[in-house]
Structures are given as C-alpha cells and as structure tokens.
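# Residue-level structure breakdown
For reference, the chains in residue letters:
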Amino acid sequence: FASAAVTPPPPPLEALQTTLIAPPQQATAGPGEILYARDGQIRAIGATGANDRALTALPAGSAIRELTLAPNGRYLAYSLNSISAIVLDLSTGQFATVDESATGNIASFVWSADSATLFYHRLGLDAASYVPTSSQIWRITMPPATASQKVFESDIATSPISEPVVVLGGKLIL
C-alpha cells in the first residue's frame, strides 16, 4: 500500500472563498429538495422536478465529491477537488472552507447524529512522489466558526489505517 503511487491532486484554487460563493439567496435549499452534483456544481431541485438551480458558482473543471447532508438537513459538506473540505449552510447560503490540503486528499465525511460535528479523513501525500504518508481524522463543530481539530493520526509506514472510522452517537470509534 505505501509503495503505490497516487494520481497527483489538482493545484489548489486561488481565492477559494471568493470563487466559491454564489449569491446567498441562490445557495439556500429547503426541506424536500434534492441536492446533487453535476458539471462541477452543486444543484438543488424540488421533489416535483421544478426549480432546478445551481447553488455554487465554481470554476470550470471543479470536481465535487462526497456530498454529505447533516442529519438535521441544515448543512451540506463536500470535498472540492479532493483538497478542500467545504460546508454549506443551506439555511443561510453561506459557505465555509473548513480545511485545505496542498498535497493530500480530503474525503469520507461523517456527521454526528445531532449534526453538531463533522468528521472527515485527510490522507497526507509525499509532495514529490504522491505516496501516502499519513492518515488523519479531523473534526469541526457547527456552525464552522473555529479551526478544525485533528482527532487521530497514523503514520502509514508503521501502522496503516485500512478501514474508515465510524461515528456512533457523536463518539469516534476506531
């Protein structure tokens, strides 16, 4: 596993906060709406198929992964280009970049049952070879006003994590 090369991540987006934000009145979604990613944008559509609209205004070529809705329906977390963790408050239309990794991969979002905490996985890569070097679990409390906190880290060379973590009742189970 440690010797397998990984495809290099795309370069970080410049001024992510300013290119990411659609007008707040357009980035909101309500109960019963369906959220999905298409053509590098997050979109919302009513359950009847009406009012299909983009919630994001991302640059061409953006890749959205790991769309994960909080249990209370207020927050949507996703990975942008696999290097940024973004949280969209669907009630206000406000975006927050909660983490970025210049060389690495951010994925595997899991919400606590009360929607108060978002956990995610961050895979560290060697900048020259893109070989995985570390596996980390991070968390951020909602609303995202403070920095993310590292919960756990493993050096892949000495003790690789091969399975994702599970969050039960807000408690991290490794």
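Residues numbered from 1 in each chain as written. Predicted model: local features only at pLDDT ≥ 70, side-chain atom pairs only at ≥ 80, totals over all residues. Heavy atoms only, no water.

### Focus: the overall build of the chain
Looking only at helices and strands, the chain has one helix and 13 strands in total. In sequence order, the chain lays out its α and β elements as α-β-β-β-β-β-β-β-β-β-β-β-β-β. Here the chain holds 174 residues, and the buried ones make up 42% of them. Contacts in the chain between residues far apart in sequence, at least 24 positions, make up 40% of those at least 6 positions apart. Carbon and sulfur atoms make up 56% of the accessible area of the chain, which totals about 8,800 Å². (Helix = DSSP H or I, 4+ residues; strand = E, 2+ residues; numbered from the N terminus. Buried < 20%, exposed > 50% of the residue type's maximum accessible area, 1.4 Å probe, protein only. Contact = heavy atoms within 4.5 Å. Areas by Shrake-Rupley, 256 points an atom, 1.4 Å probe, with all protein chains shown as cover.)

### Regarding the sheet that holds strand β7 (residues 94–100)
Strands pair in a sheet through their backbones, by hydrogen bonds, and they do so in one of two ways: parallel or antiparallel. Strand order in the open sheet formed by four strands is β4-β5-β6-β7, and the pairing between neighbours is antiparallel. The open sheet has two edge strands, β4 (64–69) and β7, and neither has a second partner. On average, adjacent strands in this sheet sit at an angle of 20° to one another, irrespective of strand direction. Inspection of the sheet shows strand β5 (residues 75–80) paired to strand β6 (residues 84–89) by six bridges, in the antiparallel sense. What sits directly across from L76, in β6, is L88. (Pairing = 2+ DSSP bridges. Axes fitted to C-alpha atoms, helices over the stretch in contact; angles between N-to-C directions.)

### Focus on the confidence of the model for the chain
With 75% of its residues at a pLDDT of 70 or more, the chain has an overall mean of 79. Per-residue pLDDT stays below 50 along residues 1–25; that stretch engages in 53 contacts with residues further than four places along the chain or on separate chains. (pLDDT = per-residue confidence, 0-100.)

### A closer look at the pattern of salt bridges
For the structure shown, the criterion picks out seven salt bridges. For the salt bridge of D99 with R122, the shortest nitrogen-to-oxygen distance reads 3.1 Å. Here D99, found in strand β7, pairs with R122, found in strand β9 (residues 117–125); they are 23 residues apart in sequence, far enough to count as distant. Residues D99 and R122 agree in their burial class; the two are buried. We note a salt bridge from E153 to K150, for which the minimum N-O separation is 2.7 Å. Judged by relative accessible area, which is 42%, E153 ranks as partly exposed. When salt bridges that share partners are traced, they join R38, D39, R43 and D52 into one network. (Salt bridge = Lys/Arg side-chain N within 4 Å of Asp/Glu carboxyl O.)

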